[in-house]
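Observations on the model geometry
For reference, the chains in residue letters:
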Amino acid sequence: MTDHPTDHPTDDPSGLRELLHPFVAEARWFGGKGRAFAIGGVRRLGEVPGHVADGPHVAIDLVTVTFEDGGEDEYYQLPLAFYAEPQDRLAHAHLGQWGDEDFGTCHVYDAVHDREAMACWLRSFANPPADGPLAFHRLPGHDLDLDAHSTLFSGEQSNSSVAFGEDALMKVFRKITPGANPDISIHEVLTRAGSDHVAALYGWLETPSITTEGEPQDRVLQLAMLQQFLRTATDGWDLALASVRNLFAEADLHADEVGGDFAGEAARLGEALAETHRTLEQHFPAEDRPAEAARALADAMHRRLEAALAVAPELTAYADDLRGAYDALGALDGVRVQQIHGDLHLGQTLRTARGWKIVDFEGEPAKTLAERVLPDSPWRDVAGMLRSLDYAPRVVERTWGDGLDEGADQRAYRSAEWAARNRNAFLTAYAGRDLTADEETLLAAYVADKAVYETVYETRNRPTWVAIPLEAVARIGAS
Ligand SMILES: Nc1ncnc2c1ncn2[C@@H]1O[C@H](COP(=O)(O)OP(=O)(O)O)[C@@H](O)[C@H]1O
Ligand SMILES: O=P(O)(O)O[C@H]1O[C@H](CO)[C@@H](O[C@H]2O[C@H](CO)[C@@H](O)[C@H](O)[C@H]2O)[C@H](O)[C@H]1O
């Protein structure tokens, strides 16, 4: 396999980088939204084995995204299906027609949409090739159903998830950072530990190394992971929204009087998180760190606020209150850290017939890999869930009754009631006791930090929702 000759942004003889630019720019998984960029290079990582007559050639390319603001380059994975003839059924996933160095002139499609292409992936996981640039790894204990057809998950996601029938789910990582991906390593540890609160890991795909500017790198690129498909799962976010809608439909009743009350589920979720944290604490390094570590955590929050102020100047009015919350954390005598989830919210939880499962251990998409794998306080995860339990009613409020004002005050009241009831149920079940003063301080700082992160996230991705985290930031000062 060869690199495409694309070492310099102005040298694009095949026009490939120009052709891929709009596809990358518009993809949900592209993390550089709002920043001007060029495709700085396109590299062939390897062909996925398993090509059959009449089927596509399937390959994985890695594009380098170079930002005009001078920020660090980012790498994104493009799984591609190459067909000699156009495929009408894949018209929605057509990237273009070009002369490929390995496969000749082809119609090229985003492979995650294509059952034929995904079948190559599944066959490779079932019978991992002995050599080649793409290494398919398997954990023992599950026979894959090779007859299962693939379906791409729709929805707002950072990566591309493909279900194989009801047997397995493959997550194709889009933004690729050299080094071990925590989603894989944490799932592997929790699977081997027999955790009840994650989908079992079945395997993963990685490629040994790439070269950047001619220099070899000794870190793997982890490209995809295959796991148990949770057949009976309902998204925790959808469940919470349904519960809020029930409450709004019965305007005269309190949250505990309405069908669909979420407090029991919130409590079970708190227990599931506490158990997951305990398992992670046993299997990854965990330690009590001295005062300097608390200061370092606070410093990181201060830095994040300073960067956020440039993106979302509306935060300025609350900056002193936020800094106060971080300073209180920085003044603690110490802090206990361990492996955590790192980006926990209701959309990362699934309610199955066998209880709550937690998904997506990649950490916050905006952080570097080096930052994401650092041990952190478990209160960061707790804060993430508390923020999410605040988001759910506010989102329903915004969409209820097509924005009509009638009953808006009553809904705002019920919204706050729902959030308080479920935050309390979750927190009480998580901790199993009253929080210490230090824990309250930690939690308050993490809630503030998360709301700042969300303000930036919404500004960039869903500007009409930015008021939700901003209102939370305003409440920090008022409390
Ligand atoms: N093992 C699973 N079985 C069924 N559905 C799953 C499983 N894991 C994740 N999902 C669903 O796929 C969605 C995306 O998964 P997630 O890991 O959060 O991807 P991303 O990194 O793209 O955000 C989740 O919201 C969830 O609904
Ligand atoms: O799931 P991702 O890892 O892509 O997480 C990112 O996107 C989330 C939104 O999809 C975002 O979560 C925020 O919105 C949620 C409602 O959609 C809400 O439940 C969360 O509390 C809120 O933070 C997440 O922050 C971001 O990292």
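Residues numbered from 1 in each chain as written. Chains lettered and ligands numbered in written order. Predicted model: local features only at pLDDT ≥ 70, side-chain atom pairs only at ≥ 80, totals over all residues. Heavy atoms only, no water.

**Section: the site of ligand 1**
For clarity, the cut-off: We call a residue near a molecule or strand whenever a single non-hydrogen atom of that residue lies within 4 Å of it. Under this definition, polar contacts are N or O atom pairs within 3.5 Å; protein pairs additionally need one hydrogen-donor-capable and one acceptor-capable atom, and for neighbouring residues in sequence, both atoms have to be side-chain atoms. Surface accessibility follows the Shrake-Rupley procedure with a 1.4 Å probe radius. Residue values consider only the protein chains on display as shielding. Secondary structure elements follow DSSP: runs of H or I of four or more residues count as helices, runs of E of two or more count as strands, with numbering from the N terminus.
Every one of the 17 residues lining ligand 1 counts as a neighbour, but Asn159, Lys171, Gln228, Leu230 and Asp360 are closest to it. Within the backbone of serine 158, a nitrogen or oxygen atom sits 3.2 Å from an oxygen atom of ligand 1. Glutamine 348 places a side-chain nitrogen or oxygen 3.2 Å from an oxygen atom of ligand 1. In isolation ligand 1 exposes 560 Å². Once the protein is present, 90% of that is buried. Counting only elements with at least two residues in the shell around ligand 1, the list comes to β9 (168-172) and β14 (221-228).

**Digging into the packing of aromatic side chains**
As a reminder, the rule being used: Think of it this way: a Phe, Tyr or Trp ring, Trp meaning its six-membered ring, pairs with another when their centres are within 6.5 Å, and the plane angle makes it stacked under 30 degrees, edge-to-face over 60, tilted otherwise. Burial here depends on accessible area, computed with a 1.4 Å probe over protein chains only, as a share of the maximum for the residue type. Under 20% is buried, over 50% is exposed, and the range in between is partly exposed. In this scheme, the term charge over a ring applies when either NZ of a lysine or CZ of an arginine sits within 6 Å of the ring centre and within 35 degrees of the ring normal.
In the structure shown here, the tally under the stated rule is 16 aromatic pairs. On the basis of an interplanar angle of 80 degrees and a centroid distance of 6.4 Å, the ring pair of phenylalanine 262 and tryptophan 356 is categorised as edge-to-face. In this pair, phenylalanine 262 is assigned in the loop between α4 (236-249) and α5 (263-283) and tryptophan 356 in strand β19 (residues 355-358), connecting sequence segments 94 residues apart. Accessibility assignment for this pair places phenylalanine 262 and tryptophan 356 in one class, buried. Within the aromatic cluster, the residues linked to one another by ring pairs are Phe23, Trp29, Phe30, Phe37, Phe67 and Tyr76. The cationic tip of arginine 35 hangs over the ring face of phenylalanine 67; the distance from NZ or CZ to the ring centre is 3.7 Å.

**Considerations on the sheet that holds β19**
Adjacent strands of a sheet form backbone hydrogen bonds with each other and so pair up, either parallel or antiparallel. Counted only if it meets this: Only when DSSP finds a minimum of two bridges between them are two strands counted as paired.
If you trace the three strands from one edge of the open sheet to the other, you get β15-β18-β19, paired in antiparallel fashion. Of all the strands in the sheet, just β15 (234-235) and β19 have a single pairing partner and so form its edges. Where strand β18 (residues 349-352) meets β19, four bridges bridge the pair, whose relative direction is antiparallel. Bridge pairing in β19 links threonine 349 to isoleucine 358.

Treat this as a map of the structure, not an account of what it does.
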